[in-house]
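Okay, here's what each chain looks like letter by letter:
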Amino acid sequence: MVLYTGIVRYYHSPYNLVSDFLSFRLQTIKRFSMENLEGYYFSALFSGCFLLSSLLFSKITREQRDPYMDEIFHIPQAQLYCQGHFNQWDPMITTLPGLYLLSVGMVKPAAWLFGWNENVVCSNGMLRFINLLFSLGSLYMLYSIISKIHYKNKVSSFRKIISTLTLYLFPTLYFFTFLYYTDTGSTFFVLFTYLMCLYGNHKSAALLGLCAFFFRQTNIIWIIFCAGNVISEKLTEAWKIDLKKREDKPSARGSFSELVKALTFLVQYSLSFRNMISLVLLTWPYITLVFGFLVFLVYNGAVVVGDKTSHEVCINFPQLFYFFGFTLIFSFPHLVSVQKLTDFIKSVWRRPFLYIALAGISVILIWKFTYVHKYLVADNRHYTFYVWKKIFQRHELIKYLLVSAYLFAAWSFTDSLKGKSVFWILMFFFCLLAATVPQKLLEFRYFIVPYLIFRLNIPIPSSIRLLLELLVYILVNVFTFYLFLHKTFRWPDNEETQRFMW
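Rules and cut-offs
- Residues numbered from 1 in each chain as written.
- Predicted model: local features only at pLDDT ≥ 70, side-chain atom pairs only at ≥ 80, totals over all residues.
- Heavy atoms only, no water.
- Patch = residues over 30% accessible without salt bridge, like charges linked within 9 Å, V, L, I, M, F, W, Y side chains within 5 Å.
- Areas by Shrake-Rupley, 256 points an atom, 1.4 Å probe, with all protein chains shown as cover.
- Salt bridge = Lys/Arg side-chain N within 4 Å of Asp/Glu carboxyl O.
- Lys, Arg positive; Asp, Glu negative; His and termini not counted.
- Charge placed at Lys NZ, Arg CZ, Asp CG, Glu CD.
- Buried < 20%, exposed > 50% of the residue type's maximum accessible area, 1.4 Å probe, protein only.
- Helix = DSSP H or I, 4+ residues; strand = E, 2+ residues; numbered from the N terminus.
- Expected span 1.5 Å × (residues − 1).
- Axes fitted to C-alpha atoms, helices over the stretch in contact; angles between N-to-C directions.
- Parallel < 35°, antiparallel > 145°, perpendicular 65-115°, else oblique.
- Left-handed = near helix turned anticlockwise from the far one by under 90°.
- Contact = heavy atoms within 4.5 Å.
- Nonpolar A, V, L, I, M, F, W, Y, C, P; charged D, E, K, R; others polar.
- Polar contact = N/O pair within 3.5 Å; in protein donor to acceptor, adjacent residues only side chain to side chain.

Draft legend 1. Inspection of a positive patch on the surface at higher detail. Together, Lys 148, Lys 152, Lys 240 and Lys 244 make up a region of like positive charge exposed at the surface. For Lys 244, a relative accessible area of 69% corresponds to the exposed category.

Draft legend 2. Representation of helix 21 (residues 403–416) within the structure. Its 14 residues give helix 21 an end-to-end C-alpha distance of 20 Å, which sits within 8% of 20 Å, the value for a rise of 1.5 Å per residue. Burial of helix 21 is extensive: ten of the 14 residues sit out of reach of the surface. Of all the positions in helix 21, only Val 403, Tyr 406, Leu 407, Phe 408, Ala 409, Ala 410, Trp 411, Ser 412, Phe 413 and Ser 416 are classed as buried.

Draft legend 3. Main features of the packing of helix 14 (residues 318–330) against helix 23 (residues 448–457). Following both chains from N to C, one finds helix 14 and helix 23 inclined at 50°, their axes separated by 11 Å at the closest point. Considering the angle they form, helix 14 stands oblique to helix 23. As for how helix 14 packs across helix 23, the hand of that crossing is right-handed. Side by side, helix 14 and helix 23 meet where Phe 323, Phe 326, Thr 327 and Phe 330 of the first sit next to Pro 450, Tyr 451 and Phe 454 of the second. Tallied by class, residues from the contact of helix 14 with helix 23 come to six nonpolar, one polar and no charged.

Draft legend 4. Focus on the side chain of Arg 381. Along the chain, the position of Arg 381 falls in the loop between helix 18 (374–378) and helix 19 (383–392). For Arg 381, the side chain forms a polar contact with the side chain of Asp 379, separated by 2.8 Å. With sequence-adjacent residues up to four places away left out, Arg 381 is seen in contact with Tyr 68, Met 69, Phe 489, Trp 491, Gln 498, Arg 499, Phe 500 and Met 501.

Draft legend 5. The arrangement of the environment of Phe 265 in detail. Here Phe 265 is to be found in helix 12 (residues 256–270). Residue Phe 265 is classed as buried on the basis of its relative accessible area of 8%. Between the alpha carbons of Phe 265 and Leu 235 there is a distance of 8.9 Å; along the sequence they are 30 residues apart. With residues near it in sequence (within four places) discarded, Phe 265 still touches Leu 235, Ala 238, Trp 239, Asp 242 and Phe 423.

Draft legend 6. Representation of the pattern of salt bridges in the model. Per the stated rule, a full pass over the model turns up eleven salt bridges. Here Glu 38 and Lys 160 are joined by a salt bridge, their closest N and O atoms 2.9 Å apart. Of this pair, Glu 38 sits in helix 2 (residues 14–63) while Lys 160 sits in helix 7 (residues 157–168), and the two are 122 residues apart along the sequence. For Glu 38, a relative accessible area of 10% gives the class buried. By relative accessible area, Lys 160 is classed as buried at 12%. A salt bridge links Lys 59 to Glu 63, with the shortest nitrogen-to-oxygen separation between them at 3.3 Å. Of this pair, Lys 59 and Glu 63 are both found in helix 2, four residues apart, which corresponds to roughly one turn of the helix. Overlapping salt bridges, with partners in common, bring together Asp 183, Arg 216, Glu 443 and Arg 445 in one network.

By themselves these figures say nothing about function.
Here it is in structure tokens:
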């Protein structure tokens, strides 16, 4: 009654009533204006990226008119499809024909609409331009995913825009925007699949996942990741309800005890037939694709098509360590700081036997499961050739001495994800292992998707850290394109111009 009387007296004054109404209207207008401004910012970003990429595309295409590296397989195959020869296939190609089919589906109608002649329709430049369009599509996907994941965190428009631009310019991905490779289209469809999954449109996500699979068969892992994303949400909800029923306090986020409790709950949850049926009903579109993949695997006899001998599956555990090192370098503004180093040392001090065991296991995995692909040591056009030669081949003990750096990188990597549920982290690490470990060839392109997934899901840091990360990406890109365009060389037994690249 007293509260009611106070409210009546307060609003009895016209001044108070008008003041509160105007304050509410101003807040609404401000919120609406900020949303509109963010739309204008993103439109400006999109236009600027298109202009910059178009100018760079023009420069690269003029300097390298002929197909280069893997383009010698991809471009002729797409041109065969352009001519209607869908029954002809280059046996050296290892991926399904998603890139070529979609390229023809985009270029042919445009040629009919604009009256292009046959020399333009499927020329080298036109096919490469398809990847520029995919790249711009990925820009929109990155912005949309960041907005969706960090919606509740009230991240400023500036930080969202800068984070989007930074990931768009991620050097390993951005370089292949200008060549006719499968990476750009593959990444676009994986991101699109993930976005639809986040919004709960699982049938659409599965359809887009099928497109991603036709670009690169290993994308089945990220289709499983989307299913795991749904399952982790369901498990997290069920676990919270279970903790409330048992009146059990949740353990510290990211602690070992939380992991043990989560695994125990996961086993108990899985033993219920009803629970498993509910998970199947939630994820059946993704499960259908996984079954389709298994049928393909049995029919094809391998994950890759074409040149299977050069892409054999093996258990190469150090690939996971290479990925952690790769991520530490490109995300150092997020993963390396005085506070991070201090927390890591404290963690080691508290659990010395755990870290000694992890270091010992890492040494054994490196000793027993390190594989060196013939392409890695034979092709001096790739950065990985020089990484392997200048670091790992310098001395036999180098690969073991790096274990401490790997442990810090893995700890910092996991620590950055502590805002996610323990089930999400378990699911992500499972997909990360599946994406990296079976690869025999050390190839930075294989790290693109898991890196982006990681980077999208960590908290967006301060503007200073974002700008530092952006600066690093720009400098790496400038250096890479400078080498590619101006530091050409020739092999003694080959007259063709060779260029450095990722």
